[in-house]
Number of protein chains: 2
Amino acid sequence: MPTLYHHPMSAASRFVRLILSEYGYQTDLAEEMPWEKRREFLALNPAGTLPVYVDDSRRALCGAAVISEYLDETNGVLKRDRRLLAEDPFQRAEIRRLTEWFLHKMEADVTRPLVRERIFKLQMTAEQGGGAPDSKILRTSRANIRQHMKYLDWLAGSRKWLAGDRLSYADLAAAGALSVLDYMGEIDWVEASQVKDWYQRLKSRPSFRPLLAERVRGVTPVSHYADLDF
Amino acid sequence: MPTLYHHPMSAASRFVRLILSEYGYQTDLAEEMPWEKRREFLALNPAGTLPVYVDDSRRALCGAAVISEYLDETNGVLKRDRRLLAEDPFQRAEIRRLTEWFLHKMEADVTRPLVRERIFKLQMTAEQGGGAPDSKILRTSRANIRQHMKYLDWLAGSRKWLAGDRLSYADLAAAGALSVLDYMGEIDWVEASQVKDWYQRLKSRPSFRPLLAERVRGVTPVSHYADLDF
């Protein structure tokens, strides 16, 4: 069976887990602490980032964008109306633009710094950079969330799904990030009613259940985290 | 004719210009200063990043990864042995992994900070963040170059082209970054003889000529910048 190296609080890992689950694929999950820089893990992915998908022939696919394209080419193309990338090249470009937005821009502005400061640093040793969160980084990232939520609210309010009429990679990439931020209680849902409607629809999908049951050491999720009606 | 919004010292813009030129496409080039955050430009690409490709129907494609996938789907697929993405999904994944490495990892570790400190800040006003380069950022980025050059040297020494037997997006993405760093004299070629051989082959291609003729205000290129035999 293929193996997915992931971390429960890695938004990109959650994105790939949602794809695999939407397509009905079984994989073994192997939890990886990227800050440990394990030699065996770096041999799979020299960039040291998550997720990494290792197929049955022990070939490694590195990073959510690469894995998602591979899964579309080898499997998605057969899924017809359940395909998570469109047929039309321009529509594909819009899905990719937004997927990249969540995997790179929102990740850099918001998700990565908040997860690092609030969760990873609790598990790191002092040598690895562990310790108390940096309040300046928390403040900046929280200011950035508001901008990202505004854009998401606009997208969710003007389209059925984020990239158009159908559920796509863009929705799953956004949901990977939002679910991690929501776990930490970082999202103000009152200010983003359109995002809330969209997220509620996603949260009700069977692919989402494993994420809602997950817990990480040292940080209890916000009380509404697993509620479908929040 | 389509328009490419670019900056001469944007590695990702150079990557897309090389693709367009390898495929023989004509585009208008529009120089954009991303730090100005022009309203019209942000309407094309809310992320505010370069490059942006606007087609004849005034539809915008944002970012080098999105543009390169679109060009492959609409044109590359017809190019047979001149196609810059492979046919095999796993080989495609390797090309994408390396392309992403240069577009995101090397960009964040090395290219973006050096270009910002040494070139963009000369052109920015004080309000935009302009001024003298931050010596700590220069030092960190230069230490990072050495690691990236080692990895590149290993790739260039163990494969004909960076991702395998054929010229691909991976080579053009790497060349976009290296050409910008070389312009600024940031590359120590003595330490990287395999990369040098590979870069020499790329530099001799007609697609490279426009990049070698380019100059930016305030920074003269290193003397060997345009030499094919350096």
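This structure is a prediction, so every number in the text was calculated from the model and none was measured.

Engineer: Go over the side chain of Asp153(A) with me, naming the residues and quoting the values.
Structural biologist: Residue and element names in this part refer to chain A. Its location among the elements puts Asp153 in helix α5 (residues 135-158). Despite its burial, Asp153 remains without a salt bridge, the nearest opposite charge being carried by Lys150 at 10 Å. Within the structure, the side chain of Asp153 is placed 2.9 Å from the backbone nitrogen of Val195, a separation counted as a polar contact. Leave out the neighbours within four places in its chain, and Asp153 touches Glu191, Ala192, Ser193, Gln194 and Val195.

Engineer: Got a sec to walk through the side chain of Glu22(B)? Specific residues and values, please.
Structural biologist: All names here are of chain B. Looking at where Glu22 falls in the secondary structure, it is placed in helix α1 (residues 11-22). Glu22 gets classed as buried once you look at its relative accessible area, which sits at 15%. At 2.8 Å, the side chain of Glu22 forms a polar contact with the side chain of Arg205. A polar atom in the side chain of Glu22 sits 2.7 Å from the side chain of Ser207. Apart from the residues within four sequence positions on either side, Glu22 is in contact with Arg82, Leu84, Leu167, Leu172, Arg205 and Ser207.

Engineer: Please set out the sheet that holds strand β1 (residues 3-6) of chain B residue by residue, giving values where relevant.
Structural biologist: Residue and element names in this part refer to chain B. What the four strands build is an open sheet, ordered β2-β1-β3-β4; its pairing is mixed. Edge positions in the open sheet fall to β2 (28-31) and β4 (60-62), since each of these has one partner strand only. Mean inter-strand twist for the sheet, computed between neighbouring axes without regard to direction, equals 20°.

Engineer: Give me the lowdown on the domain arrangement of chain A, citing residues and values where you can.
Structural biologist: Residues and elements named next belong to chain A. As far as domains go, chain A holds domain 1 (3-82) and domain 2 (89-205). Distance between the C-alpha centres of domain 1 and domain 2: 19 Å. Every contact between the two is made by 24 residues of domain 1 and, on the other side, 24 residues of domain 2. Of the roughly 1900 Å² buried between domain 1 and domain 2, counting both surfaces, carbon and sulfur atoms make up 66%. It is Met9, Phe15 and Trp35 that lose the most area in domain 1 upon contact with domain 2, and together they represent 39% of the buried surface on that side. If you look at where domain 1 meets domain 2, you find four residue pairs in polar contact (both at pLDDT 80 or more).

Engineer: Any details on empty space enclosed by the protein? Residues and values, ideally.
Structural biologist: The tally for this structure, following the rule as stated, stands at one cavity of 30 Å³ or more. If you trace the largest cavity, you find 21 residues lining it, with Ala65(A), Glu69(A), Glu100(A), Ala65(B) and Glu100(B) closest to the centre. Those elements that place two or more of their residues in the lining of the largest cavity are α3 (64-74) and α4 (89-123) of chain A together with α3 (64-74) and α4 (89-123) of chain B. Considering only residue class, the lining of the largest cavity consists of nine nonpolar, six polar and six charged.

Engineer: Before we move on, could you go through the packing of α1(B) against helix α6 (residues 169-183) of chain B and cite the residues and values that matter?
Structural biologist: Residue and element names in this part refer to chain B. Packing of α1 against α6 leaves a shortest axis separation of 8 Å and a crossing angle of 130°. Relative to α6, the element α1 is oriented oblique. Of the two possible hands of crossing, α1 and α6 adopt the one that is right-handed. Seen from α1, the contacting residues are Ala11, Arg14, Phe15, Leu18, Ile19 and Glu22; seen from α6, they are Tyr169, Leu172, Ala173, Ala175, Gly176, Ala177, Ser179 and Val180. Within the contact of α1 with α6, the residues separate by chemical class into 10 nonpolar, two polar and two charged.

Engineer: Tell me about the interface of chain A and chain B, and name the residues and values.
Structural biologist: If you look at the interface, chain A gives 23 residues, while chain B gives 23 residues. By the criterion of area lost to chain B, the three top residues of chain A are Val66(A), Glu73(A) and Phe90(A), representing 25% of everything that side buries. Summed over the shared surface of chain A and chain B, the result is six salt bridges. For the salt bridge of Arg96(B) with Glu73(A), the shortest nitrogen-to-oxygen distance reads 2.8 Å. Elements with a contribution of two residues or more to the side of chain A that touches chain B: β4 (60-62), α3 and α4 of chain A. Counting residues per element, the side of chain A that touches chain B draws most heavily on α4(A), which supplies 10 residues. In the side of chain A that touches chain B, the residues fall into 13 nonpolar, two polar and eight charged.

Engineer: Break down unusual backbone geometry for me, with residues and values.
Structural biologist: Residues apart from glycine generally show negative phi values, whereas peptide bonds are mostly found in trans. The amide bond that connects Leu50(A) to the next residue, Pro51(A), takes the cis arrangement and shows omega of -5°. One can find Pro51(A) in the loop between α2 (39-44) and β3 (52-54). Positive phi values are uncommon outside glycine, yet Arg80(A) reaches one of about 50°. Within the element layout of this structure, Arg80(A) appears in the loop between α3 and α4. Residue Arg80(A) is classed as exposed on the basis of its relative accessible area of 69%. For Arg58(B), which is not glycine, the phi dihedral falls at a positive 60°. Along the chain, Arg58(B) falls in the loop between β3 (52-54) and β4. With a relative accessible area of 54%, Arg58(B) lands in the exposed category.

About the thresholds
- Residues numbered from 1 in each chain as written.
- Chains lettered and ligands numbered in written order.
- Predicted model: local features only at pLDDT ≥ 70, side-chain atom pairs only at ≥ 80, totals over all residues.
- Heavy atoms only, no water.
- Helix = DSSP H or I, 4+ residues; strand = E, 2+ residues; numbered from the N terminus.
- Buried < 20%, exposed > 50% of the residue type's maximum accessible area, 1.4 Å probe, protein only.
- Lys, Arg positive; Asp, Glu negative; His and termini not counted.
- Salt bridge = Lys/Arg side-chain N within 4 Å of Asp/Glu carboxyl O.
- Polar contact = N/O pair within 3.5 Å; in protein donor to acceptor, adjacent residues only side chain to side chain.
- Contact = heavy atoms within 4.5 Å.
- Pairing = 2+ DSSP bridges.
- Axes fitted to C-alpha atoms, helices over the stretch in contact; angles between N-to-C directions.
- Domains from an automatic or database assignment.
- Buried area = accessible area lost by both parts, 1.4 Å probe.
- 1 Å grid on protein atoms, 1.4 Å probe; cavity = no way out; pocket = protein on both sides within 12 Å on 5 of 7 lines; lining within 4 Å.
- Points joined across faces, edges and corners; volume = space filled by probe spheres on them.
- Nonpolar A, V, L, I, M, F, W, Y, C, P; charged D, E, K, R; others polar.
- Parallel < 35°, antiparallel > 145°, perpendicular 65-115°, else oblique.
- Left-handed = near helix turned anticlockwise from the far one by under 90°.

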